[in-house]
Amino acid sequence: MTYLPSLPENAVLFDVFKAYPDTARPIIEYHETVMRGPSPFSLAERELIAAYVSGVNNCAYCHGVHTATAEAHGVEPGLLEAALADLDAADVDPPLLPVLRYVGKLTRTPSALTPADAEAVFAAGWDESALHSAVLVCALFNFMNRMVEGFGVSADASYFAVSAKRLHDIGYVGLAKLIPPAAA
(Lines give C-alpha, C1' and ligand atoms only; values in the text may rest on other atoms or scores of the structure.)
Protein backbone atom coordinates (compact mmCIF):
# COMPACT_ATOMS: atom_id res chain seq x y z
CA MET A 1 0.00 0.00 0.00
CA THR A 2 1.44 3.35 -1.02
CA TYR A 3 1.88 6.16 1.49
CA LEU A 4 0.37 8.65 -0.97
CA PRO A 5 -3.37 8.74 -0.18
CA SER A 6 -4.33 10.15 -3.59
CA LEU A 7 -3.07 7.00 -5.33
CA PRO A 8 -4.83 3.64 -5.61
CA GLU A 9 -4.15 1.16 -2.82
CA ASN A 10 -1.99 -1.07 -5.06
CA ALA A 11 -0.16 1.76 -6.81
CA VAL A 12 3.11 0.97 -8.55
CA LEU A 13 5.90 3.40 -9.38
CA PHE A 14 4.35 4.16 -12.75
CA ASP A 15 1.28 5.47 -10.89
CA VAL A 16 3.50 7.83 -8.89
CA PHE A 17 5.10 9.00 -12.14
CA LYS A 18 1.69 9.66 -13.71
CA ALA A 19 0.58 11.61 -10.63
CA TYR A 20 3.74 13.73 -10.63
CA PRO A 21 4.80 14.09 -14.29
CA ASP A 22 6.92 17.22 -13.73
CA THR A 23 9.37 15.31 -11.57
CA ALA A 24 8.90 11.95 -13.29
CA ARG A 25 10.04 13.02 -16.76
CA PRO A 26 13.56 14.15 -15.77
CA ILE A 27 14.01 11.04 -13.64
CA ILE A 28 12.97 8.78 -16.51
CA GLU A 29 15.13 10.69 -18.99
CA TYR A 30 18.09 10.23 -16.65
CA HIS A 31 17.31 6.51 -16.51
CA GLU A 32 17.42 6.41 -20.31
CA THR A 33 20.82 8.14 -20.32
CA VAL A 34 22.37 5.95 -17.61
CA MET A 35 20.73 2.64 -18.45
CA ARG A 36 20.46 2.80 -22.24
CA GLY A 37 22.99 5.42 -23.36
CA PRO A 38 26.60 4.74 -24.34
CA SER A 39 28.45 2.64 -21.77
CA PRO A 40 31.14 -0.04 -21.65
CA PHE A 41 28.47 -2.21 -19.98
CA SER A 42 25.74 -3.94 -21.94
CA LEU A 43 22.07 -3.32 -21.16
CA ALA A 44 22.00 -6.66 -19.34
CA GLU A 45 25.05 -5.75 -17.25
CA ARG A 46 23.59 -2.38 -16.26
CA GLU A 47 20.30 -4.00 -15.29
CA LEU A 48 22.29 -6.59 -13.31
CA ILE A 49 24.09 -3.79 -11.45
CA ALA A 50 20.77 -2.03 -10.78
CA ALA A 51 19.16 -5.23 -9.48
CA TYR A 52 22.22 -6.07 -7.37
CA VAL A 53 22.29 -2.60 -5.73
CA SER A 54 18.53 -2.86 -5.11
CA GLY A 55 19.02 -6.28 -3.54
CA VAL A 56 21.80 -4.98 -1.30
CA ASN A 57 19.34 -2.27 -0.21
CA ASN A 58 16.58 -4.85 0.35
CA CYS A 59 14.32 -2.89 -2.00
CA ALA A 60 12.07 -5.74 -3.12
CA TYR A 61 10.27 -3.63 -5.73
CA CYS A 62 13.35 -2.39 -7.63
CA HIS A 63 15.19 -5.67 -7.12
CA GLY A 64 12.22 -7.58 -8.55
CA VAL A 65 11.66 -5.29 -11.53
CA HIS A 66 15.33 -5.05 -12.47
CA THR A 67 16.11 -8.72 -11.88
CA ALA A 68 13.30 -9.55 -14.32
CA THR A 69 14.57 -6.87 -16.73
CA ALA A 70 18.16 -8.19 -16.49
CA GLU A 71 16.88 -11.69 -17.22
CA ALA A 72 14.85 -10.35 -20.18
CA HIS A 73 18.17 -9.03 -21.53
CA GLY A 74 19.90 -12.39 -21.11
CA VAL A 75 21.14 -12.61 -17.50
CA GLU A 76 20.77 -16.17 -16.25
CA PRO A 77 17.76 -16.70 -13.98
CA GLY A 78 18.87 -17.11 -10.36
CA LEU A 79 22.19 -15.31 -10.85
CA LEU A 80 21.17 -12.24 -8.86
CA GLU A 81 19.91 -14.23 -5.89
CA ALA A 82 23.13 -16.26 -5.92
CA ALA A 83 25.23 -13.08 -6.12
CA LEU A 84 23.40 -11.56 -3.17
CA ALA A 85 23.77 -14.75 -1.13
CA ASP A 86 27.51 -15.16 -1.87
CA LEU A 87 29.04 -13.00 -4.57
CA ASP A 88 32.28 -14.98 -4.69
CA ALA A 89 30.49 -18.31 -5.15
CA ALA A 90 27.98 -17.00 -7.73
CA ASP A 91 28.50 -17.70 -11.42
CA VAL A 92 29.14 -14.03 -12.19
CA ASP A 93 31.33 -13.27 -15.19
CA PRO A 94 34.79 -12.76 -13.56
CA PRO A 95 35.34 -9.21 -14.91
CA LEU A 96 32.01 -8.15 -13.33
CA LEU A 97 32.93 -9.39 -9.84
CA PRO A 98 35.03 -6.36 -8.85
CA VAL A 99 32.37 -4.07 -10.34
CA LEU A 100 29.67 -5.67 -8.18
CA ARG A 101 31.99 -5.57 -5.16
CA TYR A 102 32.55 -1.87 -5.83
CA VAL A 103 28.86 -0.96 -6.14
CA GLY A 104 28.03 -3.16 -3.15
CA LYS A 105 30.56 -1.30 -1.02
CA LEU A 106 29.43 2.05 -2.43
CA THR A 107 25.88 1.13 -1.38
CA ARG A 108 26.69 -0.29 2.07
CA THR A 109 29.60 1.88 3.22
CA PRO A 110 30.34 4.63 0.69
CA SER A 111 32.92 6.42 2.81
CA ALA A 112 34.94 3.19 3.09
CA LEU A 113 35.79 3.09 -0.64
CA THR A 114 39.50 3.36 -1.37
CA PRO A 115 41.68 3.69 -4.47
CA ALA A 116 42.27 -0.07 -4.17
CA ASP A 117 38.57 -0.69 -4.85
CA ALA A 118 38.80 1.28 -8.09
CA GLU A 119 42.09 -0.42 -8.98
CA ALA A 120 40.39 -3.82 -8.69
CA VAL A 121 37.85 -2.70 -11.30
CA PHE A 122 40.64 -1.47 -13.60
CA ALA A 123 42.66 -4.68 -13.07
CA ALA A 124 39.65 -6.67 -14.32
CA GLY A 125 39.97 -4.88 -17.66
CA TRP A 126 37.51 -2.03 -17.19
CA ASP A 127 38.47 1.57 -17.86
CA GLU A 128 37.57 4.85 -16.20
CA SER A 129 34.44 5.13 -18.34
CA ALA A 130 33.23 1.81 -16.95
CA LEU A 131 33.80 2.90 -13.36
CA HIS A 132 31.92 6.13 -14.12
CA SER A 133 29.02 4.16 -15.61
CA ALA A 134 28.90 1.70 -12.68
CA VAL A 135 28.87 4.54 -10.15
CA LEU A 136 26.03 6.28 -12.01
CA VAL A 137 23.91 3.11 -12.12
CA CYS A 138 24.63 2.52 -8.43
CA ALA A 139 23.78 6.09 -7.44
CA LEU A 140 20.62 6.11 -9.56
CA PHE A 141 19.33 2.94 -7.94
CA ASN A 142 20.20 4.04 -4.43
CA PHE A 143 18.07 7.10 -5.22
CA MET A 144 15.27 5.02 -6.73
CA ASN A 145 15.31 2.56 -3.82
CA ARG A 146 14.83 5.44 -1.37
CA MET A 147 12.08 6.91 -3.53
CA VAL A 148 10.18 3.62 -3.84
CA GLU A 149 10.52 2.82 -0.14
CA GLY A 150 9.64 6.40 0.82
CA PHE A 151 6.42 6.25 -1.19
CA GLY A 152 5.55 2.78 0.10
CA VAL A 153 5.38 1.31 -3.42
CA SER A 154 5.23 -2.46 -3.69
CA ALA A 155 4.24 -5.13 -6.19
CA ASP A 156 4.36 -8.88 -6.70
CA ALA A 157 6.27 -11.07 -9.14
CA SER A 158 3.54 -10.86 -11.79
CA TYR A 159 4.03 -7.09 -11.95
CA PHE A 160 7.82 -7.49 -12.11
CA ALA A 161 7.40 -9.50 -15.33
CA VAL A 162 5.04 -6.89 -16.84
CA SER A 163 7.39 -4.05 -15.99
CA ALA A 164 10.43 -5.95 -17.27
CA LYS A 165 8.72 -6.65 -20.59
CA ARG A 166 7.80 -2.98 -20.94
CA LEU A 167 11.37 -1.83 -20.13
CA HIS A 168 12.83 -4.45 -22.45
CA ASP A 169 10.50 -3.55 -25.32
CA ILE A 170 10.31 0.25 -25.10
CA GLY A 171 13.11 1.24 -22.73
CA TYR A 172 12.89 4.12 -20.33
CA VAL A 173 12.29 6.75 -23.00
CA GLY A 174 9.22 4.83 -24.13
CA LEU A 175 7.99 4.84 -20.55
CA ALA A 176 8.26 8.63 -20.46
CA LYS A 177 5.96 8.84 -23.49
CA LEU A 178 3.25 7.00 -21.55
CA ILE A 179 3.08 9.69 -18.88
CA PRO A 180 0.41 12.34 -19.52
CA PRO A 181 1.49 15.98 -19.62
CA ALA A 182 1.43 17.94 -16.39
CA ALA A 183 -1.69 19.94 -15.63
CA ALA A 184 -1.34 23.59 -16.62
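The paragraphs below set out a description of the structure included in this document. Every value quoted in this text rests on a predicted model; they were computed, and no experiment measured them. (Residues numbered from 1 in each chain as written. Predicted model: local features only at pLDDT ≥ 70, side-chain atom pairs only at ≥ 80, totals over all residues. Heavy atoms only, no water.)

**Quick notes on the packing of helix 3 (residues 43-56) against helix 6 (residues 97-108)**
Between two packed helices, what matters for the description is the angle formed by their axes and the separation of those axes. Relative to each other, helix 3 and helix 6 sit at 40°, their axes nearing to 10 Å. By the angle between their directions, the pair helix 3 and helix 6 is classed as oblique. Where helix 3 crosses over helix 6, the two elements pack in a sense that is right-handed. Seen from helix 3, the contacting residues are Leu48, Ile49, Tyr52, Val53 and Val56; seen from helix 6, they are Val99, Leu100, Val103, Gly104, Thr107 and Arg108. Its residues assigned to classes, the contact of helix 3 with helix 6 comprises eight nonpolar, two polar and one charged. (Axes fitted to C-alpha atoms, helices over the stretch in contact; angles between N-to-C directions. Helix = DSSP H or I, 4+ residues; strand = E, 2+ residues; numbered from the N terminus. Parallel < 35°, antiparallel > 145°, perpendicular 65-115°, else oblique. Left-handed = near helix turned anticlockwise from the far one by under 90°. Contact = heavy atoms within 4.5 Å. Nonpolar A, V, L, I, M, F, W, Y, C, P; charged D, E, K, R; others polar.)

**Describing the layout of surface pockets**
Taken as a whole, the largest pocket encloses approximately 210 Å³ of empty space. Forming the boundary of the largest pocket are Ala44, Glu45, Leu48, His73, Gly74, Val75, Glu76, Leu79, Asp91, Val92, Asp93 and Leu96. Considering each element in turn, the lining of the largest pocket owes the most residues, three residues, to helix 3. Grouping the amino acids of the lining of the largest pocket by side-chain chemistry returns six nonpolar, two polar and four charged. (1 Å grid on protein atoms, 1.4 Å probe; cavity = no way out; pocket = protein on both sides within 12 Å on 5 of 7 lines; lining within 4 Å. Points joined across faces, edges and corners; volume = space filled by probe spheres on them.)

**Observations regarding the nonpolar core**
For soluble globular proteins, the rule of thumb is that nonpolar side chains tend to be buried together. Judged by nonpolar contacts, the single largest core of 64 residues is most densely connected at Leu13, Phe17, Ile49, Tyr61, Val92, Phe141 and Met144. If near-sequence neighbours (up to four positions away) are discounted, leucine 13 is found in contact with Tyr61, Met144, Met147, Val148 and Val153. (Core = buried A, V, L, I, M, F, W, Y, C linked by side-chain atoms within 4.5 Å. Buried < 20%, exposed > 50% of the residue type's maximum accessible area, 1.4 Å probe, protein only.)

**Quick notes on the packing of aromatic side chains**
Enumeration according to the criterion identifies three aromatic pairs in this entry. Taking the centre distance of 4.4 Å and the plane angle of 40° together, the rings of phenylalanine 41 and tryptophan 126 count as tilted. Of the two residues, phenylalanine 41 sits in the loop between helix 2 (21-36) and helix 3 while tryptophan 126 sits in the loop between helix 7 (115-123) and helix 8 (128-151), which places them 85 residues apart along the sequence. Take phenylalanine 41: its relative accessible area is 1%, and that puts it in the buried class. Here the aromatic rings of tyrosine 61 and phenylalanine 160 are separated by 6.4 Å at their centres, their planes lie at 90°, and the arrangement is edge-to-face. Of this pair, tyrosine 61 sits in helix 4 (residues 60-72) while phenylalanine 160 sits in helix 9 (residues 157-177); the two residues are 99 residues apart in sequence, bridging distant segments of the chain. Accessibility assignment for this pair places tyrosine 61 and phenylalanine 160 in one class, buried. (Phe/Tyr/Trp six-rings, centres within 6.5 Å; stacked < 30°, edge-to-face > 60°.)

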